[in-house]
Amino acid sequence: MSVLVLVLSVSAACCLGFGFVLQQNAASHAPLSDFLSPRILIDLIRVPRWLGGIGLMVCGMVLGAIALGNGEVSLVEPLLATNLLFALALSRHQTKQPLGRQGWAGLLLLAGGVSAFIVAGQPQGGEAIDDPLRHWLIIGIVVGLALLLTAFAKRSRLSAGPVLLATAAGLLYGLQDALTRVSGQRFSAGGLGELLTGWQPYAVLVLGVTGLILVQSAFETAPLRMSLPALTAAQPLAGIVCGVGFLGDQLRTDAGALAWQAAGLAGIVTGIILLGMHPAMPSGTTEPERSRDLQPH
């Protein structure tokens, strides 16, 4: 793993983590009538805190895209999952909550899981798989699963809805990361003309906006501890599937390596859940607070 990819990925995770906290701080005041509607973005754009969070997220996405251009999706995605560490750091600053056993356990599991997966798997680049059917099958499964989760979330809304929406957004963001890498390869090969003649950059834009609506709807209806763990866990899993499935990423496949990779992924997911459910994560607002119009804060 190059130092450049490591620095870019961790810097991206820092921007994403801080950005998510600021976005949830603002989105928790959005009217519930904006649930799963593009109108939520129009309402939130008036809130400086939300704009700051979006600015940080965009910076994180740009840094992540550069990292993906220099490293494999299967390497970058686990590192991006550490955004939860930075989200917790900012939330602790806001709430003054100590880490405690849960926080330290989650931190160690997440960091150890990322390290175990990368060391055991030794992700390496390879030739992209030239099989359109395989490409569209994987893309269809990811998008279809995200649509199914969104449909269930619309029914459950304030109960399991935020978790389902965040999971759906994470799946779309993982696919977006994979297509971002493809777009970068097209640009490197033929410049802007080659990039704009492919469908991938437009899909990246659509996935980004759709994921943003899903995330803000999850943020507005529940505390960050309910939505961010699902988002953070789903994104690297979807990205790794796409990376290995059609981008040609290669992982070690001997029994010992596979066992450690599975243990690493389990550690990542468990650590994400423990950190995401930490009391330091900001909570939502009360119903009376939601009834008022959004005010800049």
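Residues numbered from 1 in each chain as written. Predicted model: local features only at pLDDT ≥ 70, side-chain atom pairs only at ≥ 80, totals over all residues. Heavy atoms only, no water.

All right, on to the overall build of the protein then. Counting its regular elements, the protein contains twelve helices and zero strands. Going from the N terminus to the C terminus, the protein shows its helices and strands as α-α-α-α-α-α-α-α-α-α-α-α. For the protein, the C-alpha radius of gyration of 19 Å lies close to 19 Å, the compact-globule estimate for 297 residues. The dimensions of the protein, computed from C-alpha atoms along their principal axes, are 55 × 45 × 35 Å. Looking at the protein residue by residue over its 297 residues, the buried ones come to 52%. Counting only contacts in the protein whose residues sit at least 6 apart along the sequence, the fraction spanning at least 24 positions is 87%. If you sum the accessible surface of the protein, you get close to 12900 Å²; carbon and sulfur atoms cover 69% of it. Here the protein contributes 16 positive and 15 negative side-chain charges, whose respective centroids are spaced 11 Å apart. (Helix = DSSP H or I, 4+ residues; strand = E, 2+ residues; numbered from the N terminus. Rg over C-alpha atoms; globule rule 2.2 N^0.38 Å. Buried < 20%, exposed > 50% of the residue type's maximum accessible area, 1.4 Å probe, protein only. Contact = heavy atoms within 4.5 Å. Areas by Shrake-Rupley, 256 points an atom, 1.4 Å probe, with all protein chains shown as cover. Lys, Arg positive; Asp, Glu negative; His and termini not counted. Charge placed at Lys NZ, Arg CZ, Asp CG, Glu CD.)

Turning our eyes to something else, we now look at helix H10 (residues 224-246). For an α-helix the count is 3.6 residues per turn, leaving residues at separations of three or four pointing the same way. For H10, built from 23 residues, the straight-helix expectation of 33 Å at 1.5 Å per residue is met to within 8% by its first-to-last C-alpha distance of 33 Å. By the criterion of burial, H10 is predominantly enclosed, with 18 of the 23 residues buried. Gly-248 lies just past H10 and shows a positive phi near 85°. (Expected span 1.5 Å × (residues − 1).)

The next subject is helix H11 (residues 255-276). Helix length check: H11 (22 residues) gives 31 Å between terminal C-alpha atoms against 32 Å at 1.5 Å per residue, within 8%. Within the sequence span of H11, burial applies to Ala-257, Gln-261, Gly-264, Gly-267, Ile-268, Gly-271, Ile-272, Leu-275 and Gly-276. The buried residues of H11 all sit within an arc of 145° when viewed along its axis, so they share a single face. Looking at the buried positions of H11, the neighbouring elements they touch are helix H4 (73-80), helix H5 (83-95), helix H6 (100-121) and H10. (Arc of directions from axis to C-beta.)

One pass over the full model with this rule turns up three aromatic pairs. Considering the side-chain rings of Phe-20 and Phe-219, the 6.2 Å spacing of their centres and the 75° angle between planes classify their relative orientation as edge-to-face. Here Phe-20, found in helix H1 (residues 3-27), pairs with Phe-219, found in helix H9 (residues 200-221); they are 199 residues apart in sequence, far enough to count as distant. (Phe/Tyr/Trp six-rings, centres within 6.5 Å; stacked < 30°, edge-to-face > 60°.)

To continue, consider the side chain of Arg-181. Structurally, Arg-181 can be placed in helix H8 (residues 161-196). For Arg-181, the side chain forms a polar contact with the side chain of Asp-249, separated by 2.6 Å. Every residue in contact with Arg-181, bar those within four places of it in the chain, is listed here: Leu-68, Gly-71, Glu-72, Val-73, Leu-247 and Asp-249. (Polar contact = N/O pair within 3.5 Å; in protein donor to acceptor, adjacent residues only side chain to side chain.)

Right, let's talk about the environment of Thr-82 for a bit. Tracing the backbone through its elements, the reader meets Thr-82 in the loop between H4 and H5. Taking C-alpha positions, Thr-82 is 14 Å from Ala-105, a pair spaced 23 residues apart along the chain. Among residues more than four places away in sequence, those in contact with Thr-82 are Ala-13, Leu-110 and Val-114.

Before going further, it helps to spend a moment on unusual backbone geometry. Despite not being glycine, Gln-122 has its phi angle at roughly 45°, a positive value. By the element assignment, Gln-122 lies in the loop between H6 and helix H7 (132-156).

Bringing the confidence of the model for the protein into the picture now. Taken over all residues, the pLDDT of the protein has a mean of 84, while the share at 70 or more is 93%. The lowest-confidence element of the protein is helix H12 (residues 287-291), averaging 44 in pLDDT; the highest-confidence one is helix H3 (residues 48-70), averaging 92. Across residues 285-294 the pLDDT falls below 50, and counting only partners more than four positions away or on other chains, this stretch makes 21 contacts in the model. (pLDDT = per-residue confidence, 0-100.)

Further remarks concern the packing of H7 against H8. Between H7 and H8, whose axes approach to 8 Å, the crossing angle comes to 160°. Accordingly, the angle class assigned to the pair H7 and H8 is roughly antiparallel. The crossing of H7 and H8 is left-handed. Within the contact between the two elements, H7 uses Ile-139, Val-142, Val-143, Leu-145, Ala-146, Leu-149, Thr-150, Phe-152, Ala-153 and Ser-156 and H8 uses Gly-161, Leu-164, Leu-165, Thr-167, Ala-168, Leu-171, Leu-172 and Leu-175. Of the residues in the contact of H7 with H8, the class split is 14 nonpolar, four polar and no charged. (Axes fitted to C-alpha atoms, helices over the stretch in contact; angles between N-to-C directions. Parallel < 35°, antiparallel > 145°, perpendicular 65-115°, else oblique. Left-handed = near helix turned anticlockwise from the far one by under 90°. Nonpolar A, V, L, I, M, F, W, Y, C, P; charged D, E, K, R; others polar.)

So, about the environment of Leu-195. By the secondary structure assignment, Leu-195 is in helix H8. For Leu-195, a relative accessible area of 15% corresponds to the buried category. When neighbours within four sequence positions are excluded, Leu-195 is seen to be in contact with Ser-183, Arg-186, Phe-187 and Pro-201.

As a further point, take the pattern of salt bridges. All told, the structure shown has four salt bridges when counted by the stated rule. When the shortest N-O distance is used, the salt bridge between Arg-46 and Asp-43 registers 3.9 Å. Classification of Arg-46 as partly exposed rests on a relative accessible area of 46%. With its nearest N and O atoms 3.4 Å apart, the salt bridge here joins Arg-186 to Glu-194. Classification of Glu-194 by relative accessible area gives partly exposed; the value is 32%. (Salt bridge = Lys/Arg side-chain N within 4 Å of Asp/Glu carboxyl O.)

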